[in-house]
Amino acid sequence: MIVIRCLIFLILFVSCDNDSVSSGNLIEYSKIYVTLQSQDQIAILNSNTLETIEVIDVDLMGMSDGMGMDMGETPHYVILDEDSGYFFVSAIMSNKIGMYSMEDNQLISVLSVDEDPAILGIDVNSQKLYVSRMMVMSMGGMEMGSEANFIDEISYNSDGMTLVQSHDSGIPTPHGIALHDSYILTASNTTDFLSRIDRGTGDVSLMSLDVNVNDNPNLELNRLKPLEIAINGDYAFITCTAGTWQNINTGESENLDGQVQVWRISTLEKIASYDFNVSSKPWHIVVDESNYIYVALSGSSSVPGSAGVSKLYFDGQSFDEIWTTLDEEFNQLHGIAIDNSHVYVSGRGDGNLYKFDSSTGELLNSVNLVSTGMTRTGGLNLTKTYLAE
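Procedures and definitions
- Residues numbered from 1 in each chain as written.
- Predicted model: local features only at pLDDT ≥ 70, side-chain atom pairs only at ≥ 80, totals over all residues.
- Heavy atoms only, no water.
- Phe/Tyr/Trp six-rings, centres within 6.5 Å; stacked < 30°, edge-to-face > 60°.
- Buried < 20%, exposed > 50% of the residue type's maximum accessible area, 1.4 Å probe, protein only.
- Lys NZ or Arg CZ within 6 Å of the ring centre and 35° of its normal.
- Pairing = 2+ DSSP bridges.
- Helix = DSSP H or I, 4+ residues; strand = E, 2+ residues; numbered from the N terminus.
- Axes fitted to C-alpha atoms, helices over the stretch in contact; angles between N-to-C directions.
- pLDDT = per-residue confidence, 0-100.
- Contact = heavy atoms within 4.5 Å.
- Core = buried A, V, L, I, M, F, W, Y, C linked by side-chain atoms within 4.5 Å.
- Salt bridge = Lys/Arg side-chain N within 4 Å of Asp/Glu carboxyl O.

1. Topic: the packing of aromatic side chains
Working step 1: Applying the stated rule across the entire model yields 16 aromatic pairs.
Working step 2: Taking 5.0 Å as the distance between ring centres and 75 degrees as the angle between the ring planes, the aromatic pair formed by tyrosine 274 and phenylalanine 276 counts as edge-to-face. Like phenylalanine 276, tyrosine 274 is buried.
Working step 3: Taken together through their ring pairs, the aromatic side chains of Tyr235, Phe237, Tyr274, Phe276, Phe314 and Phe319 make up a single cluster.
Working step 4: Geometry around tryptophan 245 places arginine 223 over its ring, the cationic atom sitting 5.3 Å from the centre.

2. Re the sheet that holds strand S6 (residues 86–91)
Working step 1: Taking strand neighbours across the sheet as the criterion, the four strands line up as S5-S6-S7-S8 in an open arrangement whose pairing is antiparallel. At either end of the open sheet lies a strand with only one pairing partner, and these are strand S5 (75–81) and strand S8 (107–112). For this sheet, the mean inter-axis angle between neighbouring strands, taken without regard to orientation, is 20 degrees.
Working step 2: Pairing geometry for S6 and strand S7 (residues 96–101), over six bridges, is antiparallel. In the strand pairing of S7, alanine 91 is matched with lysine 96.

3. Overview of the confidence of the model for the protein chain
Working step 1: Chain-level statistics for the protein chain give a pLDDT mean of 89 and a share of 89% at 70 or above.
Working step 2: Predicted confidence for residues 1–23 stays below pLDDT 50, and this span has zero contacts to residues more than four positions away or in other chains.
Working step 3: The low-confidence segment residues 65–71 (pLDDT under 50) makes 12 contacts with residues lying over four places distant or belonging to another chain.

4. Some words on unusual backbone geometry
Working step 1: We note that leucine 50 has phi near 65 degrees; this positive angle belongs to a residue other than glycine.
Working step 2: Leucine 50 sits in the buried class, given a relative accessible area of 2%.

5. Description of the environment of serine 298
Working step 1: Residue position: serine 298 is located in the loop between strand S26 (292–297) and strand S27 (308–314).
Working step 2: A relative accessible area of 5% means that serine 298 is categorised as buried.
Working step 3: Between the C-alpha atom of serine 298 and that of tryptophan 283, which follows or precedes it by 15 residues, the distance is 6.0 Å.

6. Here's the deal with the pairing of strand S25 (residues 282–287)
Working step 1: The element S25 is extensively covered by neighbouring structure, given that six of its six residues are classed as buried.
Working step 2: The turn joining S25 and S26, which pair antiparallel and follow one another in sequence, is formed by four residues; a positive phi near 70 degrees is taken by asparagine 291.

7. As for the sheet that holds strand S23 (residues 259–264)
Working step 1: Spatially, the four strands line up as an open sheet ordered S19-S20-S23-S24, and their pairing is antiparallel. Taken across any chain shown, the strands that pair with only one partner, and hence form the sheet edges, are strand S19 (226–232) and strand S24 (269–275). On average, adjacent strands in this sheet sit at an angle of 20 degrees to one another, irrespective of strand direction.
Working step 2: The pairing of strand S20 (residues 235–240) with S23 spans six bridges and is classified as antiparallel. Its bridge partner lying in S23, tyrosine 235 is registered against arginine 264.

8. Quick word on the nonpolar core
Working step 1: Among the nonpolar cores identified, the biggest contains 22 residues, and Phe88, Ile97, Leu129, Ile154, Tyr156 and Met161 are the most heavily contacted of them.
Working step 2: Put simply, the parts of the chain that give this core at least two residues each are S5, S6, S7, strand S9 (117–123), strand S10 (128–133), strand S13 (150–157) and strand S15 (174–179).
Working step 3: Core analysis: the second largest hydrophobic core is formed by 16 residues, Ala230, Tyr274, Phe276 and Leu312 among them.

9. Points about the pattern of salt bridges
Working step 1: Counted according to the given criterion, the structure contains six salt bridges.
Working step 2: Linking arginine 133 and aspartate 152 is a salt bridge whose minimum nitrogen-to-oxygen distance equals 2.9 Å. Of this pair, arginine 133 sits in strand S10 while aspartate 152 sits in strand S13, placing them 19 residues apart in sequence. Across the pair, exposure class does not vary: arginine 133 and aspartate 152 are buried alike.
Working step 3: Its salt-bridge partner being arginine 264, residue glutamate 269 comes within 3.7 Å of it at the nearest N-O pair.
Working step 4: By relative accessible area, arginine 264 is classed as partly exposed at 25%.

10. A look at the environment of serine 205
Working step 1: Within the secondary structure, serine 205 sits in strand S18 (residues 204–208).
Working step 2: Overall, the relative accessible area of 25% leaves serine 205 in the partly exposed class.
Working step 3: The sequence separation of serine 205 and leucine 194 amounts to 11 residues, and the corresponding C-alpha distance is 8.2 Å.
Working step 4: Residues contacting serine 205, with those up to four places away along its chain left out, are Leu194, Ser195, Arg196 and Leu268.

Below, the structure is given as structure tokens:
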């Protein structure tokens, strides 16, 4: 009897040990979703290798030729609901939002919005999407963007999407957007005003990003040019691209450093700001739970080596720079996403996806996804659920 028990124990031990070795050999990875703007596509990649898993045609107008040719939809931003198994994309030029299955990448639903949808915010608990407006700009000889005040609220479920309402933000061109438990936070790219919309009542509170220069939420200065907002707790971090600004009243020019501002959401109080330089053009931004902030620097086309990515830390009172990685090879860095140990950044001007070490800023890998077009890669996001290969 003792011998039999020992044999059973050995069998179980070896079996468990083999399972452990097998699990230890699996390599975890996330799925990265990147919009290919000039191709009207979304690329899905393995975060470990940056190999392409699948490329999806964005055909929200039903006009695709099946060959990945640009039909003018311009997919801009992508956001995920892993709990329900959906991902969503905003298409600037077709004024549409697409809803896809994360299981098979098939299009589930298409919803038209008023004009030029840009950045998406999501509340996966209530299954709500919030859509901002694209800033006015010229792209390839075409004018795009919107001066509308509205933030669209969209509900979604397995049957598709429904436009619930459009919130009046009180400011033109509300581009950056992020969700707080109680508020929608957005900022005007043209008037440098912050808008806080109560998600329950719809009440709007406004605050100037620089009250010494502009106290009128409808006066379009195009000065600081706030671009994106990232929220952690009661802190809102806002990128401002800034650059050279001409005062139309005096005719004088002023060089303004690109910056990240941090605001207390509950009081609409500015706490601090971090300045880069006039050619940096801070673009998309993410923040982790420890207040480490990662910023894509688009850079200036006239200043080689001005594009890159930066990691900052906010201690509740001020910013510290952890690292900044710049390179002449980078061209208009745009979207940004993070996991536990890496930073992923898209190049709008070069069509590349870059992978950096989040501790050191070292460039670990890159891959070209689009080799042609005025605006190549745009927004990106990645799954928080790890897969194994």
